Amino acid sequence: KQEVTQIPAALSVPEGENLVLNCSFTDSAIYNLQWFRQDPGKGLTSLLLIQSSQREQTSGRLNASLDKSSGRSTLYIAASQPGDSATYLCAVRGSEKLVFGKGTKLTVNP
Amino acid sequence: DAGITQSPRHKVTETGTPVTLRCHQTENHRYMYWYRQDPGHGLRLIHYSYGVKDTDKGEVSDGYSVSRSKTEDFLLTLESATSSQTSVYFCAISGAGLARNEQFFGPGTRLTVL
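Residues numbered from 1 in each chain as written. Chains lettered and ligands numbered in written order. Predicted model: local features only at pLDDT ≥ 70, side-chain atom pairs only at ≥ 80, totals over all residues. Heavy atoms only, no water.

Trainee: I would appreciate a short explanation of the packing of aromatic side chains in the present structure.
Mentor: What characterises a pair of aromatic rings is the spacing of the ring centres plus the angle enclosed by the ring planes. Inspection of every chain in the model, using the stated rule, returns 10 aromatic pairs over all chains. Summarising the aromatic geometry, the rings of Tyr33 of chain B and Tyr48 of chain B are spaced 6.1 Å apart at their centres and angled 25° between planes, so their arrangement reads as stacked. Taken together, the residues span a long stretch of sequence, with Tyr33 of chain B in strand β4 (residues 31-38) and Tyr48 of chain B in strand β5 (residues 42-51) at a distance of 15 residues. No difference in accessibility class separates Tyr33 of chain B from Tyr48 of chain B, as the two residues are buried. The interplanar angle of 35° and the centroid separation of 5.4 Å between the aromatic rings of Tyr35 of chain B and Phe105 of chain B together place this pair among those described as tilted. Placement of the pair is Tyr35 of chain B in strand β4 and Phe105 of chain B in strand β10 (residues 104-105), with a sequence separation of 70 residues. Members of the aromatic cluster, joined through ring pairs, are Phe36 and Phe100 of chain A together with Tyr33, Tyr35, Tyr48, Tyr50, Phe90 and Phe105 of chain B. (Phe/Tyr/Trp six-rings, centres within 6.5 Å; stacked < 30°, edge-to-face > 60°. Helix = DSSP H or I, 4+ residues; strand = E, 2+ residues; numbered from the N terminus. Buried < 20%, exposed > 50% of the residue type's maximum accessible area, 1.4 Å probe, protein only.)

Right, here's the structure in full:
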């Protein structure tokens, strides 16, 4: 059974810092991995999707990498801003279904 | 934003009453999903649909049923609500082929069962 772990559960950084969020999964037989952002009381917003054949994807200040063989993905956020404060979730697709991690709650302090 | 709406957005009900949540999409996507989100458990799949009248169970399907009579609507029914079904419910959609890989989420329905 696929398990997805995100460490740390919470992270607090000063504005302007570059940071890395981690996601690990137990079964490397995945089709893709998706990173989401969730603001309090809101739905999930898709940030980046990495297909299993890809190593990384970039969108603006965000860069996500995927290492299937080691069961790891990272989300790199450059020059963090207070507006980046949210919970970040990763999810892997093995077949029909996404399996989610429990998220990392990020706080960026002005 | 993907065209996904959920109704109602908030609901309080009593144990033993039936409840139906609605998900509506304007994207004409083939796949639709229902998740629940709970502290300590994260997001868990309840049911999903891969076409009109085609549905399958997810990880936590007991106590829930679904129906999809039109491409744009996916209904989640709690036949007899229990306090353990107090949660935030999210609908998601994805397309076919490679577009199927990316899921887009609705705003959620907060359900409280007293």
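Trainee: Please explain the nonpolar core as it appears in this structure.
Mentor: Most often, soluble globular proteins have nonpolar side chains that are buried together. The biggest cluster of nonpolar side chains holds 22 residues, and the ones touching the most others in it are Leu33, Trp35, Leu75 and Ile77 of chain A. Sorting the residues of this core by element identifies β3 (19-25), β4 (32-38), β5 (44-51), β7 (62-67), β8 (72-77), β9 (86-93) and β11 (104-109) of chain A as the ones contributing at least two each. Counting residues in hydrophobic clusters, the runner-up holds 19 residues, among them Val19, Cys23, Ile46 and Val113 of chain B. (Core = buried A, V, L, I, M, F, W, Y, C linked by side-chain atoms within 4.5 Å.)

Trainee: Explain the state of the cysteines here, please?
Mentor: All names here are of chain B. Per the counting criterion, the structure on display carries 2 disulfides over all chains. The disulfide partner of Cys23 is Cys91, and the S-S distance across this bridge is 1.9 Å. Because the sign of the S-S torsion sets the handedness, a value of about -70° for the bond joining Cys23 and Cys91 places this disulfide among the left-handed ones. Highlighted residues: Cys23 in strand β3 (residues 19-25) and Cys91 in strand β9 (residues 87-94), separated in sequence by 68 residues. (Disulfide = S-S within 2.5 Å.)

Trainee: I tried to follow the sheet that holds strand β6 (residues 56-59) of chain A on my own but got confused; where do I start?
Mentor: Strand pairing in a sheet relies on backbone hydrogen bonds. The paired strands run either parallel or antiparallel. Residues and elements named next belong to chain A. Strand order in the open sheet made by the 5 strands is β1-β3-β8-β7-β6, with antiparallel pairing throughout. Because the sheet does not close on itself, it has two edges, and the strands there are β1 (4-7) and β6. Each strand of the sheet is rotated relative to its neighbour by a mean of 15°, with strand direction disregarded. Relative to β8, β7 runs antiparallel, the two being bridged by 6 bridges. Following the sheet pairing, Ser65 is matched in β8 by Thr74. (Pairing = 2+ DSSP bridges. Axes fitted to C-alpha atoms, helices over the stretch in contact; angles between N-to-C directions.)

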